[in-house]
Amino acid sequence: MKKFTLLAALMVLFCGANLSAKSFDWSKCWCNYGAGIKEGDIIVNAGGGLCYRDLSYSVYDDFKFFPPVMAEVQYAMKIWELPFTFGGYAGMRGYSFKYIDRYDTAGKPVYEKANYFGIFFGGEATYHIQLPPEGLDLYATTRIGTNIPFVKSGKYWTPEYFQLGEAFGANWFFNDTVGINLEFGFPFSKFGVALKF
């Protein structure tokens, strides 16, 4: 029964998207914002996710991490006919793990602990594209920022004074103000709430 329900839901979704795609003006999708976003709107995204650099330490003993949480604010402003948003982002993340530092005279490993907790922030530019259905806003973004550590220890901590990121994502707005945000990219991917004003 579950498989039948899932199949029926997928068919309804596919048919609905197909009907909306037939009446969609594909010639203007590259120069329009999706999901009813207009020039002058402010978009706020807040959520959490995974930082791939932090996960690379998961092979070590006693690995723990505080996944990145972040908020971003963007202002919709066209350049020529291209639908861009510009703004900034800020967030925090952390991790800790144990690693073998050396071996004692008896040949037993001596463990040390690596810790990191800090904030990250920077600026971003995002290009949007309009595709059906009506509530969908697809985008590609570029971020340039930095990190400020508050806690750092261990040989494996390396400073990240400059951070460059790229991502592809989507906002899905349920109404004129509230939606959800999903993004895949580097150095992190995230999921959260999207607001439009």
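Residues numbered from 1 in each chain as written. Predicted model: local features only at pLDDT ≥ 70, side-chain atom pairs only at ≥ 80, totals over all residues. Heavy atoms only, no water.

A. Highlighting the nonpolar core. The biggest cluster of nonpolar side chains holds 7 residues, and these are Tyr 33, Ala 35, Ile 37, Ile 43, Ala 76, Phe 173 and Ala 194. Contacts of Ala 194, omitting those with residues within four sequence positions, involve Val 44, Asn 45, Asn 171, Phe 173, Thr 177, Val 178, Gly 179, Ile 180 and Asn 181. (Core = buried A, V, L, I, M, F, W, Y, C linked by side-chain atoms within 4.5 Å. Buried < 20%, exposed > 50% of the residue type's maximum accessible area, 1.4 Å probe, protein only. Contact = heavy atoms within 4.5 Å.)

B. Examining the environment of Leu 195 more closely. Mapped onto the elements of the fold, Leu 195 is located in strand 8 (residues 188-196). Judged by its relative accessible area of 26%, Leu 195 is partly exposed. Setting aside residues up to four positions removed in sequence, Leu 195 forms contacts with Ile 42, Ile 43, Val 44, Asn 45, Phe 173, Thr 177 and Val 178. (Helix = DSSP H or I, 4+ residues; strand = E, 2+ residues; numbered from the N terminus.)

C. Local environment of empty space enclosed by the protein. This structure, assessed with the given rule, holds 2 cavities of 30 Å³ or more. By volume, the largest cavity is sized at about 60 Å³. Every residue lining the largest cavity is listed: Tyr 89, Arg 143, Gln 163, Gly 165, Glu 166, Ala 167, Phe 186, Pro 187 and Phe 188. No other element matches strand 6 (residues 163-173), which puts 4 residues into the lining of the largest cavity. Counted by class, the lining of the largest cavity contains 5 nonpolar, 2 polar and 2 charged residues. In terms of lining residues, the second largest cavity is bounded by Asn 45, Glu 72, Gln 74, Thr 126, His 128, Tyr 139, Arg 143, Asn 171 and Glu 183. When residues of the lining of the second largest cavity are traced back to their parent elements, those giving at least two are strand 2 (61-79), strand 4 (109-129) and strand 5 (136-153). A class-by-class count of the residues in the lining of the second largest cavity yields 1 nonpolar, 5 polar and 3 charged. (1 Å grid on protein atoms, 1.4 Å probe; cavity = no way out; pocket = protein on both sides within 12 Å on 5 of 7 lines; lining within 4 Å. Points joined across faces, edges and corners; volume = space filled by probe spheres on them. Nonpolar A, V, L, I, M, F, W, Y, C, P; charged D, E, K, R; others polar.)

D. Looking closely at the pattern of salt bridges. For the structure shown, the criterion picks out 11 salt bridges. Ionic pairing is found between Asp 62 and Lys 113, a salt bridge with its closest N-O pair at 3.7 Å. With Asp 62 in strand 2 and Lys 113 in strand 4, the pair connects residues that are 51 residues apart, well separated along the chain. Of the residues examined, Lys 113 reaches a relative accessible area of 37% and is grouped as partly exposed. In this structure, Arg 102 engages Glu 112 in a salt bridge whose closest nitrogen and oxygen atoms are separated by 3.8 Å. Taken as a pair, Arg 102 in strand 3 (residues 82-103) and Glu 112 in strand 4 lie far apart in primary sequence, 10 residues in all. (Salt bridge = Lys/Arg side-chain N within 4 Å of Asp/Glu carboxyl O.)

E. Spotlight on the side chain of Gln 74. Take Gln 74: it is sitting in strand 2. What makes Gln 74 buried here is its relative accessible area of 6%. Within the structure, the side chain of Gln 74 is placed 3.1 Å from the side chain of Glu 124, a separation counted as a polar contact. (Polar contact = N/O pair within 3.5 Å; in protein donor to acceptor, adjacent residues only side chain to side chain.)

F. A look at the pairing of strand 7 (residues 178-186). In strand 7, alternate side chains face the same way, and those of Gly 179, Asn 181, Glu 183 and Gly 185 are buried while those of Val 178, Ile 180, Leu 182, Phe 184 and Phe 186 on the opposite face are not. The pairing of strand 6 with strand 7 spans 8 bridges and is antiparallel. Bridge pairing in strand 7 links Asn 171 to Asn 181. Adjacent in sequence and paired antiparallel, strand 6 and strand 7 are bridged by 4 residues. Bridge analysis of strand 7 against strand 8 gives 6 bridges, and the strand direction is antiparallel. For Gly 179, the partnering residue across the bridge sits in strand 8 and is Ala 194. A loop of 1 residue connects strand 7 with strand 8, the two strands running antiparallel in sequence. (Pairing = 2+ DSSP bridges.)

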